[in-house]
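Single-letter residue listing:
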Amino acid sequence: MNGPAMARQADVFAGASSAPMAVLLARVKTELDTLTQIVGDMQTGLSPLLIDASEEDAEKCRHAQNLDLVWQTLESLARVLDGAACEGASQHPVDIDAIAEDLPLADLSARLRGRIIPLQIYGNDLDLF
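Computed from a predicted structure; not experimentally measured.

It is worth spelling out the overall build of the protein chain at this point. Secondary structure summary: the protein chain contains five helices and two strands in total. Its helices and strands in sequence order give the protein chain the pattern α-β-α-α-β-α-α, from N to C terminus. Burial status across the protein chain gives 29% buried among its 129 residues. Partitioning the contacts of the protein chain with sequence separation of at least 6, the portion at a separation of at least 24 is 68%. Surface summary for the protein chain: the accessible area is close to 8600 Å², and the carbon and sulfur share equals 60%.

With the rule as written, the count across this model stands at five salt bridges. A salt bridge links Glu31 to Arg111; the shortest N-O distance between them is 2.5 Å. One end of the pair, Glu31, is in helix H2 (residues 21-54); the other, Arg111, is in helix H5 (residues 106-112), and 80 residues separate them in sequence. Across this residue pair, the class does not change: Glu31 and Arg111 are buried. Here Asp107 makes a salt bridge to Arg111, at a shortest N to O gap of 3.4 Å.

This part takes up the environment of Leu50. If you trace the backbone, Leu50 turns up in helix H2. The spacing of Leu50 and Cys61 is eleven residues in sequence and 6.3 Å in space, taken between C-alpha atoms. Once residues within four sequence positions are removed from consideration, Leu50 is found in contact with Lys60, His63 and Ala64.

Formed by Leu25, Leu32, Val39, Leu67, Leu74, Ala78, Leu81 and Ala85, the largest nonpolar core amounts to eight residues. For this core, the secondary-structure elements that each account for two or more residues are H2 and helix H3 (58-86). The greatest single-element share of this core, amounting to five residues, is contributed by H3. Counting six residues, the second-largest nonpolar core is a separate cluster that includes Ala19, Val23, Ile96 and Leu112.

A few words now on the environment of Leu108. You can see Leu108 is positioned in helix H5. Residues Leu108 and Val28, 80 residues apart in the sequence, show an inter-C-alpha distance of 9.5 Å. Apart from residues no more than four positions distant in its own chain, Leu108 is found in contact with Glu31 and Leu103.

All right, on to the side chain of Ser109 then. Its place among the elements puts Ser109 in helix H5. Look at Ser109 and you get buried, because its relative accessible area is 4%. Leaving out residues up to four positions away in the same chain, Ser109 has contacts with Ala100, Glu101 and Leu103.

Glancing now at a nonpolar patch on the surface. Taken together, Leu35, Ile38, Met42, Leu46 and Leu49 make up a surface patch of nonpolar side chains, about 420 Å² in accessible area. Mapping Leu49 onto the fold places it in helix H2.

For the protein chain, the mean per-residue pLDDT works out to 76, and 73% of the residues sit at or above 70. This stretch, residues 1-10, has a pLDDT under 50; its non-local contacts, to residues over four places away or in other chains, come to 16 contacts.

What counts, and where the lines are drawn
- Residues numbered from 1 in each chain as written.
- Predicted model: local features only at pLDDT ≥ 70, side-chain atom pairs only at ≥ 80, totals over all residues.
- Heavy atoms only, no water.
- Helix = DSSP H or I, 4+ residues; strand = E, 2+ residues; numbered from the N terminus.
- Buried < 20%, exposed > 50% of the residue type's maximum accessible area, 1.4 Å probe, protein only.
- Contact = heavy atoms within 4.5 Å.
- Areas by Shrake-Rupley, 256 points an atom, 1.4 Å probe, with all protein chains shown as cover.
- Salt bridge = Lys/Arg side-chain N within 4 Å of Asp/Glu carboxyl O.
- Core = buried A, V, L, I, M, F, W, Y, C linked by side-chain atoms within 4.5 Å.
- Patch = residues over 30% accessible without salt bridge, like charges linked within 9 Å, V, L, I, M, F, W, Y side chains within 5 Å.
- pLDDT = per-residue confidence, 0-100.

Written out as structure tokens, the structure reads:
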């Protein structure tokens, strides 16, 4: 099943507590794609600062490299999920509520359940959560 077909199927199961594995994989891939974009933007913005600072502090260089590693890992995991879904992910129902209820981020839990919650855009203030 390709990405658009999974997205349409995911819409059919929006808010359902049980859905085929392909639906859950599509939702997780969407989350990974979003995180990949966010981390890529962070890397673009922070790497020059970290690289300049790394000339005096090797630990900052390691942080810049770790940021790149996180970005590449997220991108790769999204590809794995896409491949798994396209390879005929099981149509066996999965209890999404049971999986999502233990997640510490309520908005992520809701999105995995098919409840569309707009991604929050944070301002210039530092928000710790």
